[in-house]
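Structure assessment
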Amino acid sequence: SFFTNSNHLRKNKICKNSLFKRTIRIIYKMSERITYFPIEGMDVEFSVPQVVLNVHKKEIVPFTGNSILYATSESGTKVVIKISTSNSGAQREWKGLNMAHGAGLSVPEPYALAKSKDNEKLIIFEKVEGELLYTSNQTRLRIDLGEIVKDMHNQIFVSGNGWVSSGKPDFSYYENLLNKYLKSSLNELKAGSETHTILNKFVNVMSYYCKTITPVFNHNDLHDGQIIVKPNQKLVLLDFENWKEETQLNEISYYLFHLIKDGSVNRNFDKFINGYLKSYRLTDTEKSVMTFYLLFISARAIDYFKNTGSKYLQKALETHKKVLRYTNDERLWKDY
């Protein structure tokens, strides 16, 4: 199929080692000099024993709680400092961003993996000027995004070790979570729920797909709030903290999931999928796999927010209803 054969298009080169504008919360504006200590640096200015930056704005990212600081170096270079709430978030994003940048993808230039005086891990990268794709209705930009994501899947080399160890090739990862959901207190997930019934319909096709597919580098949280449109209309992908060795259909399904959440499927997804697929069309098997992915991504989100007592649970439940409506209406078969 398109999704297995296209893996052979990769250049097989080994690379160097949401922010939704409407929901970003600006904590404070400030003018503060902060010193960081690079662990790894990709630029002369950020490879010295310490880096002094003038921070002028800080934001907190919804859902993750990550901190984003906007700053300038002593030479005047505009940078972004990202401090993850995850223990390994900075190291993971540093690796993923360098892989993407080394493969020639349109991403911010990575400057340094660093730590604060309190040993807090963070990454420092190029500040890209522009607007979020979320604010644009230009048809061509979603087509461009599809093409960029396809290039990302083809050009970044992955070993496959992370995919094998995930438990997804033998379906045990999904089987364990589906069994867990049977005992959930959420009506949307428990035994006999619509979610469980639909997921079970596609278990066999999904299981076979996972056994036969070759993984690719996935952004793994693709949405229009992760893409900057530069003044020259070129797109830049942000936020590689969640990258994984995954399947192409997982990536496409994540983007579709976010469009369903925001109510913008009808005007955006067909452009994206046309940019990604070109003249190819999704098969019934691939649509079945995407349906499984859509519901599973949504189910995993509401289970996580329920278990963590998150204030975002209600929003996730509302999104889940939208996903169920979308799958029940068989929009993938009717539209694509």
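This section reports on the structure supplied with the text. Note that the coordinates shown come from a computational prediction; the quantities given were computed from them, not determined experimentally.

1. A few points about the packing of aromatic side chains
Per the counting criterion, the structure on display carries 20 aromatic pairs. Their ring planes at 85° and their centres at 5.1 Å tell us that Y173 and Y174 sit as a pair that is edge-to-face. Consider the rings of Y174 and F292, whose centres lie 5.6 Å apart with planes at 80°: the pair is edge-to-face. Of this pair, Y174 sits in helix α5 (residues 172-182) while F292 sits in helix α10 (residues 284-307), and the two are 118 residues apart along the sequence. Residue classification places Y174 among the buried positions, given a relative accessible area of 2%. Above the face of the W243 ring, R92 is positioned so that its terminal group lies 4.3 Å from the ring centre. Note that K168 overlies the ring of Y173, its terminal NZ or CZ placed 4.8 Å from the centroid.

2. Section: unusual backbone geometry
It is generally the case that most residues other than glycine have a negative phi and that most peptide bonds are trans. Here the phi dihedral of Q233 falls at roughly 75°; this positive angle occurs in a residue that is not glycine. Tracing the chain through its elements places Q233 in the loop between β9 (227-229) and β10 (235-237). Non-glycine residue E330 carries a positive phi angle of around 55°. In this structure, E330 sits in the loop between α11 (313-328) and α12 (331-335).

3. Observations concerning the pairing of strand β5 (residues 110-115)
With five of six residues buried, β5 lies mostly within the body of the structure. Sheet analysis places β5 next to strand β6 (residues 121-126), joined by five bridges and oriented antiparallel. Bridged to P110 within β6 is F125. Taken together, β5 and the strand that follows it, β6, pair antiparallel across an intervening segment of five residues, in which N119 is found at a positive phi of about 70°.

4. Comments concerning the packing of helix α8 (residues 248-262) against α10
At a closest axis distance of 9 Å, the pairing of α8 and α10 adopts a crossing angle of 60°. One finds that α8 runs oblique with respect to α10. Classified by chirality, the crossing of α10 by α8 is right-handed. For the pair α8 and α10, the contacting residues are L249, N250, I252, S253, Y254, L256, F257 and I260 in the first and E286, V289, M290, Y293, L294, I297, S298 and R300 in the second. Tallied by class, the residues present in the contact of α8 with α10 amount to eleven nonpolar, three polar and two charged.

5. Observations regarding the pairing of strand β4 (residues 78-83)
For a regular strand, side chains alternate in direction, first toward one face of the sheet and then toward the other. Burial analysis of β4 places five of its six residues in the buried class, which makes it a mostly covered element. Note: strand β3 (residues 67-73) against β4, six bridges, orientation antiparallel. When the bridges of β4 are listed, A71 appears paired with V79. Between β3 and β4, which pair antiparallel one after the other, the connecting turn spans four residues, and G76 there sits at a positive phi close to 100°. Here β4 runs beside β6; their pairing, made up of four bridges, is antiparallel.

6. Regarding the nonpolar core
Counting residues in hydrophobic clusters, the biggest one holds 83 residues, and the most contacted among them are F269 and F292. With eleven residues, the single largest contributor to this core is α10. Sequence-distant contacts of F269, defined by excluding residues within four places in its chain, comprise I252, Y255, L256, L259, S264, M290 and Y336. Core analysis: the next-biggest nonpolar cluster, separate from the first, contains 16 residues, F46, A71, Y111 and A112 among them.

7. Quick notes on the side chain of D224
Mapped onto the elements, D224 comes out in the loop between β8 (216-218) and β9. Among the polar contacts listed, one links the side chain of D224 to the side chain of Y255, at a separation of 2.7 Å. In contact with D224, other than residues within four places in its own chain, are L132, L133, Y134, R142, L145, Y255, L259 and N268.

8. What about the environment of L69?
Along the polypeptide, L69 turns up in strand β3. With a relative accessible area of 4%, L69 lands in the buried category. Along the primary structure L69 and I81 are separated by twelve residues, whereas in three dimensions their C-alpha atoms are 4.9 Å apart.

9. Comments concerning helix α9 (residues 265-277)
Under the 1.5 Å per step criterion, the end-to-end length of α9 is 17 Å for 13 residues, consistent within 8% with the ideal 18 Å. Where α9 is concerned, the buried positions are V265, N268, F269, K271, F272, I273, G275, Y276 and L277.

10. Here we look at the sheet that holds β9
Pairing between the strands of a sheet comes from backbone hydrogen bonds, and it takes one of two forms, parallel or antiparallel. Across the sheet, three strands lie side by side as β7-β9-β10; this open sheet has antiparallel pairing. Strands with a single pairing partner mark the edges of an open sheet, and in this sheet they are β7 (131-132) and β10. The pairing of β7 with β9 spans two bridges and is classified as antiparallel. Along β9, the bridge assignment pairs E131 with V229. Sheet strands in contact with helix α3 (residues 139-155) are β9 and β10, and its direction is about 45° off that of β10.

Cut-off values and rules
Residues numbered from 1 in each chain as written. Predicted model: local features only at pLDDT ≥ 70, side-chain atom pairs only at ≥ 80, totals over all residues. Heavy atoms only, no water. Phe/Tyr/Trp six-rings, centres within 6.5 Å; stacked < 30°, edge-to-face > 60°. Helix = DSSP H or I, 4+ residues; strand = E, 2+ residues; numbered from the N terminus. Buried < 20%, exposed > 50% of the residue type's maximum accessible area, 1.4 Å probe, protein only. Lys NZ or Arg CZ within 6 Å of the ring centre and 35° of its normal. Pairing = 2+ DSSP bridges. Axes fitted to C-alpha atoms, helices over the stretch in contact; angles between N-to-C directions. Parallel < 35°, antiparallel > 145°, perpendicular 65-115°, else oblique. Left-handed = near helix turned anticlockwise from the far one by under 90°. Contact = heavy atoms within 4.5 Å. Nonpolar A, V, L, I, M, F, W, Y, C, P; charged D, E, K, R; others polar. Core = buried A, V, L, I, M, F, W, Y, C linked by side-chain atoms within 4.5 Å. Polar contact = N/O pair within 3.5 Å; in protein donor to acceptor, adjacent residues only side chain to side chain. Expected span 1.5 Å × (residues − 1).

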